[in-house]
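Observations on chain architecture
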Amino acid sequence: MESWKVNLISVWFGCLFTGLAISQIIPFLPLYIEQLGVTDPSKLTLWSGLIFSITFMVSAIVAPMWGSLADRKGRKLMLLRASLGMGGVILLQAFVTHVWQLLLLRALMGLTSGYIPNAMALVATQVPRDRSGWALSMVTTAQICGVIMGPLMGGFLADWVGLRAVFLITSALLLTSFLITLFLIKETGYRSVKKEDKLSGRRVFGSLARPGLIVSLFITTLVIQLCNGSISPILTLFVRQLEPDVQNIAFISGAVAAIPGVSALFSAPRLGKLGDRIGAERILFSALILTILLFIAMSWVSSAVQLGALRFLLGFADGAMMPAVQTLLLRNSSDQITGRIFGYNQSFMYLGNVVGPLIGAGVSAIGGFRWVFAATAMVVLVNTIQLMMIYRRSDCK
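So, here is what we can say about the structure in this document. Keep in mind that this is a model prediction, so the values were computed, not measured.

All right, on to a nonpolar patch on the surface then. On the surface, a cluster of nonpolar side chains totalling about 770 Å² of accessible area is made up of L91, F95, F156, W160, V161, L168, I169 and F251. Contributing elements (two or more residues each) for the nonpolar patch: α7 (132–161) and α8 (163–184). It is α7 that contributes the most residues to the nonpolar patch, 3 residues altogether.

Tracing the sequence through the fold places P151 in helix α7. Taking relative accessible area as the criterion, P151 reaches 1% and is therefore assigned buried. With 84 residues separating them along the chain, P151 and G67 place their C-alpha atoms 28 Å apart.

Turning to the nonpolar core, a few remarks are in order. Ranked by internal contacts, the top residues of the largest apolar core, which has 54 residues, are L217, F238, L284, M298, L307 and I341. Contributing elements (two or more residues each) for this core: α10 (211–229), α11 (235–242), α12 (249–258), α14 (280–298), α15 (304–331), α16 (338–367) and α17 (370–396). Discounting chain neighbours no more than four positions away, the residues touching L307 are L235, F238, V239, L242, V256, M298, V301 and F373. Core analysis: the second largest hydrophobic core is formed by 37 residues, I25, F52, A158 and L174 among them.

Reading the values: the criteria
- Residues numbered from 1 in each chain as written.
- Predicted model: local features only at pLDDT ≥ 70, side-chain atom pairs only at ≥ 80, totals over all residues.
- Heavy atoms only, no water.
- Patch = residues over 30% accessible without salt bridge, like charges linked within 9 Å, V, L, I, M, F, W, Y side chains within 5 Å.
- Areas by Shrake-Rupley, 256 points an atom, 1.4 Å probe, with all protein chains shown as cover.
- Salt bridge = Lys/Arg side-chain N within 4 Å of Asp/Glu carboxyl O.
- Helix = DSSP H or I, 4+ residues; strand = E, 2+ residues; numbered from the N terminus.
- Buried < 20%, exposed > 50% of the residue type's maximum accessible area, 1.4 Å probe, protein only.
- Core = buried A, V, L, I, M, F, W, Y, C linked by side-chain atoms within 4.5 Å.
- Contact = heavy atoms within 4.5 Å.

Written as structure tokens, this is what we have:
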């Protein structure tokens, strides 16, 4: 098998396990915080949003640094650092006794991040250009499935073996990712960039033919992650409101959160190939419009089954949007700055995971859970209009 195919399969599993690690806490986070002594409903929602968001807040700050270091030291080294570091930090989360300790470790988890952007950069620089859309779709599918299926695993394990055991199992998965990376990934054709030859941020954007489009795609990445993150702090509580008589609430919440991963798993590779043929921009705009309609519909659901059905349809959009953005970024930048561009894009992705939960927590506190879906739809609408205008303007130049 060609080395780039072995690398693609290896990082697929690494991104899957990383996504699981990031999101497995979603369905039982409020329950875990309650165990740590926070029982007031308003404080519980606030702590949930803050603890979930801080990982991505720190990650957004350090992602460009890891991307720059990867250009100088190699992407495989960054993959090893991230998988081992996150595994160790998650292991420690199983033993916290106070809510501030969990907050601190979640922040440290963000500091050790960087697996996914470096995996993207590794794949992007080694696959044939005419198969880039498909390859990036495969890697993104792993990330999406991990992020969305993580809550299902977390909810099931929380009900089955207890909340703290979930962290132990997730840590073991990341150690597996470390070993896969160590023994299977080969970084061929890599040429290190000396520190003195590294381009500044201004020169990176100065080398781009369409810098305005690149920045707009960064913002779109933020909005895509905002869609996934806005309901994270309220999902368990909203499902409990919809189904007040259900006992295994953690598992049901995890299932509702995870079900888009099923449709994303099957749709992303096919939509990636379709984007290679008809244009990734067409796939992206269609998926954004579908997302708007689905979030509006979610604000009117009356049962967990209806919410789950709409989120299943949302998975088709999830499986299309991020690969399309990454394909457009790859095709509008050079190999010399791929690591930096993907690092910047990952920063916006993490910022979306910060802004999303904070918007969800804030809107739900002011207007209730249903307004979170309406507010998310409005944000996506504004972004879609803005991106269409920028894309047409850059095409006219």
